[in-house]
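Okay, here's what each chain looks like letter by letter:
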Amino acid sequence: MEIKNGIPVSPGVAIAPALVLDSESFRIPRRFIRKDEVETELKRFELARTRAISEITDIRDSVHSIAKGEVGLIFEAHLRMLEDPLIRAEIPEKIKAKRYTPEYAVSRVFKKIIKPMKEIHDPYFLQRVNDFYDIQKRLLRNLLGQRALDLQQLDRKVVVVAHDLTPSQTATLDKKMVAGFVTDVGGATSHTAILANALGIPAVVGLGTITSDVSGGDVVIVDGKSGRVIVNPDDATRAKYEARGQEHADREKRLVDAAAKASRTTADDAAVSLYANIEWDSEIEQARKYGADGVGLFRTEFIYAQFGAHPTEEQHYEVYRRAHAMLEGRLLTLRTMDFGADKFAAEVGLEPEENPFLGCRSIRLSLREPKLLITQVRAILRAAALGPTRMMLPMVGSIEEFRAARQIVNNVLADLKREGVAHRADVPVGMMVEVPSAALSIEHFLADSDFFSIGTNDLVQYTLAVDRNNQYVANLFKHTNPAVLKLLSGVIKACNAAGKPVSVCGEMAGEARYAMLLLGMGLRDFSVGPTSLPELRTLLSRVTTAEAAALADKALAMSEADQIAALLDAEADRLLPPDEFGY
Ligand code: PEP
Ligand code: MG
């Protein structure tokens, strides 16, 4: 039995055999095939090659429609490489003559191509090396594609053990069969963490070396509350965690019951709205069940995971139409696509950047490639005719950016009107406050933006210079840092004074320990992962705004993040006592 500690990101207990996924680096073992397997293996390679060609052609065509020139040329070059005799002929030759597996043949041939290029130390050749790595990965991914499929077609419960899970991989996990997951890397507000919560799967991230510590078939316990992961537990430990899993399920049930009975106001009758954060329209069902007042954040970039390519206007529209149908007249806040950095950068064919979190992501990309934004805005304005809708712009850092995006929205409105297409013209256009520059100069945005939503995941990351996905600095990612609290309080107060709606939609809003603090700062709209709704509803119904304001004042006067966190924890435990709700 071995015990590991990581970062808990999604509560609950999972106990199941491990399914260990290969990392993207595809370390390919030297393996051979039998003579009678040669024909099928040659076909398998050719299929992977043609699939790679068709993927690259799709990417080339879609980037052609949004970007001109150089980006398209890169993919033209990739296509030529896949036709090169070195790849077309030499790899099959190795499969035939040496009986290498196609995976091993690919890795051998690419090594032979890449090695001399690397030795030249010339920027041009280094760029080509990256291109070859890219193609190698694509071929291997297609050859090993069966693995990705495995994740969707499992025949028994497993704990998935991976270096990291991309948003697309997480999105396609078979929830019925994936009991939990654990990863080497990641932080508490990483997208993997957010998705684990959305799927209700216990998860622990940032374990460092879990992929090499666990072998396929080892029994793994995941405690998503404490962050403990136990490999091959003894009988007593297993029984203890089975009981803990039951306790967690009981707690969930008690909270759902309490929330259903709780008032939708604070203890002194102040109205509070609890909205849901979603990545897929299907999450609305659970959000409704847990009493959400609507959707406060739809991370629409996840539509990519559904379509695997740039969604068309009709595909966008269909998703929003379904969302409205499920919401039955409740608010739908659609955030325009927040691409780049850790989210779908490869899928949209973005060139690698030195520092992608500070690079051309999100609204910056939308303004650089307006066609992408226009397609989505058309669908949003059309879908707005079906129910109350707000449009929210991500990562806005300056008023110029907001105004440029708003101008695009106005142009789209004029187009729809001219074309006689049904739409709504008065859709509120708001912005996320997640870049410190916007938070610090909020007064300059108040007149232009119709509403605001504070994205604490990025706001904390950029204010504290702490990567939200990096386990090595996870201990420095503190929502209670006084600088963060000052920004939060400043934005909430400024918006309230100007009469502009303001919410918090980062993970912070969904954690019981911060609810009273945010309420005390004047926040009345919370937007949280659906599974957090019952806990939050119960807690907020038990506190008065005066109590909360006093606590916020006290916290804002303190200087140490950990002391502030301890103060907030004690208050949260008082309102949701562990002996009433359990683990
Ligand atoms: C945030 O940054 O807090 C946020 C809600 O957006 P995302 O997590 O999608 O970056
Ligand atoms: Mg963000």
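Look up: the structure comes first, before these words.
Residues numbered from 1 in each chain as written. Chains lettered and ligands numbered in written order. Predicted model: local features only at pLDDT ≥ 70, side-chain atom pairs only at ≥ 80, totals over all residues. Heavy atoms only, no water.

### Some thoughts on the side chain of Ser489
Definition in use: Working definition: helices are DSSP H or I runs of at least four residues, strands are E runs of at least two. Numbering for both runs from the N terminus. Each residue gets one of three labels from its accessible area relative to the maximum for its type: buried under 20%, exposed over 50%, partly exposed in between, using a 1.4 Å probe on protein chains only. When checking whether two residues touch, look at their non-hydrogen atoms; a contact exists if any pair is within 4.5 Å.
Locating Ser489 in the fold gives a position in helix α19 (residues 482-498). In this structure Ser489 comes out as buried when scored by relative accessible area, which is 8%. Once you skip the residues sitting within four places of it in the chain, Ser489 turns out to touch Met521 and Leu556.

### Brief notes about the site of ligand 1
Definition in use: We define proximity as follows: a residue is near a molecule or strand when any one of its heavy atoms falls within 4 Å of that partner. Here a polar contact is recorded for every N or O atom pair within 3.5 Å, except that within protein the pair must consist of a potential hydrogen donor and a potential acceptor, and residues adjacent in sequence are included only if both atoms are side-chain atoms. Each accessible area is a Shrake-Rupley estimate made with a 1.4 Å probe; only the visible protein chains count as cover when residues are assessed.
Around ligand 1, 16 residues are found, and the nearest of them are Arg299, Arg335, Gly455, Asn457 and Arg468. With respect to ligand 1, the backbone of Thr456 contributes an N or O atom lying 3.1 Å from an oxygen atom. Between ligand 1 and Asn457, the relevant distance is 2.7 Å, taken from an oxygen atom to a main-chain nitrogen or oxygen of the residue. The fraction of the free accessible surface of ligand 1 (290 Å²) that becomes covered by protein chains is 100%. Listed by contribution, the elements that provide at least two residues to the shell around ligand 1 are α8 (191-199), β10 (294-299) and α18 (456-464).

### Overview of the sheet that holds strand β2 (residues 7-10)
Selection criterion: Any two strands with at least two DSSP-identified bridges between them are counted as paired. To get an axis, fit a line to the C-alpha atoms, keeping to the stretch in contact for a helix; angles then go from 0 to 180 degrees between the N-to-C directions.
A sheet is described by the order of its strands in space; here eight strands give the open sequence β1-β8-β7-β3-β4-β5-β6-β2, paired in mixed fashion. Of all strands in the sheet, those bounded by a partner on one side alone are β1 (2-5) and β2. Taking the axes of each pair of neighbouring strands and ignoring which way they run, one obtains an average angle of 30 degrees across the sheet. Here three bridges tie strand β3 (residues 13-20) to strand β4 (residues 158-162), and the two strands are oriented parallel to one another. Residue Val20 lies in a different strand from β4, and its bridge partner there is Val161. Against the sheet, α8 contacts β2, β5 (178-183) and β6 (203-205), and its axis sits at roughly 45 degrees relative to β2.

### Some remarks on the nonpolar core
Quick reminder of the rule: The definition of a nonpolar core used throughout is a set of buried Ala, Val, Leu, Ile, Met, Phe, Trp, Tyr and Cys residues joined through side-chain atoms within 4.5 Å.
Core analysis: the biggest nonpolar cluster contains 99 residues, and Leu381, Val433, Phe452, Ile454, Leu518, Phe526 and Leu540 have the highest contact counts within it. Ignoring any residue separated from it by four or fewer positions in sequence, one finds Leu540 in contact with Thr265, Thr266, Ala267, Val272, Leu274, Ala515, Leu519 and Phe526. Core analysis: the next-biggest nonpolar cluster, separate from the first, contains 31 residues, Ile33, Ile56, Ile91 and Ile113 among them.

### What to know about the coordination of the magnesium ion (ligand 2)
Formally: With water excluded from the atoms, a metal site may look incomplete; its donors are any N, O or S atoms within 2.8 Å, or within 3.2 Å for Na, K and Ca.
In this structure, Glu434 (OE) and Asp458 (OD) serve as the protein donors to the magnesium ion (ligand 2), at separations of 2.0 to 2.1 Å. Residue Glu434 is located in the loop between β13 (429-433) and α17 (436-440), and its partner Asp458 is located in helix α18; the two are separated by 24 residues in the primary sequence. Look at Glu434 and you get buried, because its relative accessible area is 2%. Judged by its relative accessible area of 2%, Asp458 falls in the buried class.

### Structural notes on unusual backbone geometry
Even without glycine at this site, Arg99 takes up a positive phi of about 60 degrees. The topology assignment puts Arg99 in the loop between α3 (85-97) and α4 (102-119). Arg99 gets classed as partly exposed once you look at its relative accessible area, which sits at 31%. Unusually for a residue other than glycine, Asp269 sits at a positive phi of about 70 degrees. Mapping Asp269 onto the fold places it in the loop between α10 (235-261) and β9 (273-278).

### Details of helix α16 (residues 399-419)
The test is simple: Multiplying one less than the number of residues by 1.5 Å gives the expected span of a helix.
The terminal C-alpha atoms of α16 lie 30 Å apart, and with 21 residues this matches the ideal 30 Å at 1.5 Å per residue to within 8%. Every buried residue of α16 is accounted for by Ile399, Glu401, Phe402, Ala405, Ile408, Val409, Val412, Leu413 and Leu416. Those residues of α16 hidden inside the fold are in contact with α14 (362-368), α15 (370-383), β12 (389-393) and β13. Looking one or two residues beyond α16, the residue adopting positive phi is Gly420, at roughly 70 degrees.

### A look at the sheet that holds β12
Taken in spatial order, the eight strands line up as β9-β10-β11-β12-β13-β14-β15-β16 and close into a barrel, and their pairing is parallel. Shown here is a sheet whose adjacent strand axes are inclined to one another by a mean of 25 degrees, direction ignored.

### Quick look at the pairing of strand β11 (residues 331-335)
On any regular strand, side chains alternate: one points to one face of the sheet, the next to the other face. Extensive coverage of β11 is indicated by the burial of five of its five residues. Side chains Leu331, Thr333 and Arg335 project from β11 onto one buried face, and the interleaved Leu332 and Leu334 project onto a second face that is buried too. In this sheet, β11 lies alongside β10 in parallel orientation, the contact comprising four bridges. Residue pairing in the sheet places Gly294 in a bridge with Leu331 of β11. The sheet contact formed by β11 and β12 spans four bridges and is parallel.

### Thoughts on the packing of helix α22 (residues 545-557) against helix α23 (residues 561-575)
In plain terms, the rule: Angle categories are assigned with fixed cut-offs, so that under 35 degrees is roughly parallel, over 145 is roughly antiparallel, 65 to 115 is roughly perpendicular, and the rest are oblique. What makes a crossing left-handed is the near helix being turned counterclockwise from the far one by less than a right angle; a clockwise turn instead makes it right-handed.
Contact geometry for α22 and α23: axes closest at 10 Å, N-to-C directions at 160 degrees. Taken together, the axes of α22 and α23 lie roughly antiparallel to each other. For α22 against α23, the interelement crossing comes out right-handed. Residues Glu547, Leu551, Lys554 and Ala555 of α22 form the contact with α23, whose participating residues are Ile564, Leu567, Leu568, Glu571 and Arg574.

### With respect to the environment of Met392
Residue position: Met392 is located in strand β12. Here the alpha-carbon distance between Met392 and Ala439, two residues 47 residues apart in the chain, equals 16 Å. Excluding residues that lie within four positions of it along the chain, Met392 makes contacts with Gly296, Leu297, Thr333, Leu334, Arg335, Thr336, Gly430, Met431, Met432, Phe451 and Ser453.

### Observations concerning the packing of α18 against α19
For clarity, the threshold we go by: Under this grouping Gly is polar, as are all residues other than the nonpolar Ala, Val, Leu, Ile, Met, Phe, Trp, Tyr, Cys and Pro and the charged Asp, Glu, Lys and Arg.
At a minimum axis separation of 10 Å, α18 and α19 run at an interaxial angle of 130 degrees. Taken together, α18 and α19 sit at an angle that is classed as oblique. Like other packed secondary-structure pairs, α18 and α19 cross with a definite hand, here right-handed. Here Thr456, Leu459, Val460, Thr463 and Leu464 of α18 lie close against α19, whose contacting residues are Ala483, Val484, Leu487 and Leu488. Grouping the amino acids of the contact of α18 with α19 by side-chain chemistry returns seven nonpolar, two polar and no charged.

That's the geometry; what it means functionally is another story.
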